[in-house]
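What follows is each chain in one-letter form.
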Amino acid sequence: MHDEQAPSPSRRRLLIAFGSAAGLGACAQQPAAPEPQARVRVKVFPGAQNLGLFAAAQQGFFARRNLDVDLQFTQNSVELRNGLASGAFEIAHAAVDNAVAMRDPGGQDVVILSGGDNSMNELFVQPEITAISQLRGKTLIVDAPNTAYALQAKKILKDRGLASGDYTLKEVGGTFQRIRAMQQDKSNTASMLNPPFSLQALASGLRSLGKVSDLLGPYQASGAFAMRPWAQANSGVVERYLAAWIEGTRWGLNPANREPAIALLAQRLQLERPLAESTYGVLASGLARDAAFDAPGFARLLAIRAEMEGQWGGTPPPQDRFVDLRWYQGALRRVG
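Residues numbered from 1 in each chain as written. Predicted model: local features only at pLDDT ≥ 70, side-chain atom pairs only at ≥ 80, totals over all residues. Heavy atoms only, no water.

Participant: Kindly report on the sheet that holds strand β10 (residues 222-227), identifying the contributing residues and their values.
Facilitator: Reading across the sheet, the 5 strands line up as β2-β1-β3-β10-β4 and stay open at both edges, with mixed pairing between neighbours. Whereas interior strands pair on both sides, the edge strands pair on one side only; in this sheet they are β2 (67-73) and β4 (110-112). For this sheet, the mean angle separating the axes of adjacent strands, direction not counted, is 30°. Bridge count between strand β3 (residues 91-95) and β10: 5 bridges; the pairing is antiparallel. By the bridge assignment for β10, alanine 94 is matched with glycine 223. Packed on one face of the sheet, helix α11 (residues 235-253) meets β1 (38-44), β2, β3 and β10 and runs near 55° to β1. (Pairing = 2+ DSSP bridges. Helix = DSSP H or I, 4+ residues; strand = E, 2+ residues; numbered from the N terminus. Axes fitted to C-alpha atoms, helices over the stretch in contact; angles between N-to-C directions. Contact = heavy atoms within 4.5 Å.)

Participant: Please provide a residue-by-residue account of the pattern of salt bridges, values included.
Facilitator: In this structure the tally under the stated criterion is 24 salt bridges. A salt bridge links arginine 39 to aspartate 68; the shortest N-O distance between them is 3.9 Å. Taken together, the residues arginine 39 in strand β1 and aspartate 68 in strand β2 connect sequence positions 29 residues apart. Overall, arginine 39 belongs to the exposed group, its relative accessible area being 51%. Using a relative accessible area of 37% as the deciding quantity, one classes aspartate 68 as partly exposed. Note that aspartate 159 is salt-bridged to lysine 155, the shortest N-O span being 2.9 Å. Of the two residues, aspartate 159 and lysine 155 both sit in helix α6 (residues 148-159), 4 residues apart, roughly one turn of that helix. Several salt bridges share partner residues, and in doing so they unite Glu35, Glu239, Arg240 and Arg334 into one network. (Salt bridge = Lys/Arg side-chain N within 4 Å of Asp/Glu carboxyl O. Buried < 20%, exposed > 50% of the residue type's maximum accessible area, 1.4 Å probe, protein only.)

Participant: Before we move on, could you go through the nonpolar core and cite the residues and values that matter?
Facilitator: Formed by 48 residues in total, the largest nonpolar core has its most connected members in Leu51, Leu113, Tyr241, Leu242 and Leu265. Breaking this core down by element, the ones donating at least two residues are β1, α2 (51-58), α3 (61-64), β10, α11, α12 (258-269), α13 (273-286) and α15 (326-335). At 10 residues, α11 tops the list of elements feeding residues into this core. Here leucine 265 is in contact with Ala48, Leu51, Gln270, Leu271, Ala276, Thr279, Tyr280 and Leu283, once residues within four sequence places are set aside. Ranked by size, the runner-up nonpolar core spans 47 residues in total, among them Ala92, Ala153, Phe225 and Met308. (Core = buried A, V, L, I, M, F, W, Y, C linked by side-chain atoms within 4.5 Å.)

Participant: Before we move on, can you summarise empty space enclosed by the protein with the specific residues and values?
Facilitator: Scanning all chains against the criterion turns up 2 cavities of 30 Å³ or more. Volume-wise, the largest cavity comes out at about 360 Å³. Phe45, Ala95, Tyr149, Asn194 and Ser222 are the residues nearest the centre of the largest cavity, which is lined by 32 residues in total. Put simply, the parts of the chain that give the lining of the largest cavity at least two residues each are β3, β6 (139-142), α6, α7 (175-184) and β8 (188-193). For the lining of the largest cavity, the per-class residue count stands at 16 nonpolar, 13 polar and 3 charged. The computed volume of the second largest cavity comes to approximately 40 Å³. Each residue belonging to the lining of the second largest cavity can be placed in one class, and the counts come to 4 nonpolar, 4 polar and no charged. (1 Å grid on protein atoms, 1.4 Å probe; cavity = no way out; pocket = protein on both sides within 12 Å on 5 of 7 lines; lining within 4 Å. Points joined across faces, edges and corners; volume = space filled by probe spheres on them. Nonpolar A, V, L, I, M, F, W, Y, C, P; charged D, E, K, R; others polar.)

As structure tokens, then:
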């Protein structure tokens, strides 16, 4: 029996290097520590634009990122803006012009985090109206008179020869309230409606005079926004939230998930199957891929506000006064 020879110095160095590399590899394979559980209260308008949020909840994308998301519906934009400013919830999803109005002239330190959709709005009127010019002396119903889709409508009418004094502006509330008002009272002549309510409007005999995408061009409509101090203090939570929403949007727009996505819309919005199916068809072109922010569409939004409300001396400020996409970019890195 022979004594085992000690390894040479060069072999010893090789064994040590191999052992160190194996140890590093084992460490690299260890799963990352889970991020802490966080509760996020979110307020939205009812509507099909929330498909990505519905999917993120149902498919577990929020849960996988240790997020407990409390999704709430708002009645109108005043409730939403005031609630966000007061801390009643952390994130709002609505037309981002609401965030612009909170900042200017409202003075609130709010920040837009992402895009979402192009509004998918259409200008609906009572069936006897066949042209925009016939809205002279009629009533245009809106959510709030000085934000978002009201400004869309006022700009469309102005471009076709109707000044603000040529028609009556009437505050009614969110889209689901406005379609009901038009169906119940024919004196409520016109309003901006998006799906599924726009499809319900067609089915009930109301007339569309055109899509905003055709009447106005690109427009950055819904998006996520929050109070800037909260977002800065909770950067990881904001990134995780946006990442889960992006995943939900990808799932919802994936043609392979068409059937379960339609079923999800039907369940969350209490729609009959045919209406849910038609609504899903509109979302394919209306929702932004990965909830991306539309900078040209936002430039259009700011230009409309400057013109219709006379803000900023008619010249909009730089977009970064209102928008910070650092958290969105971080979210994209998380989802890959």
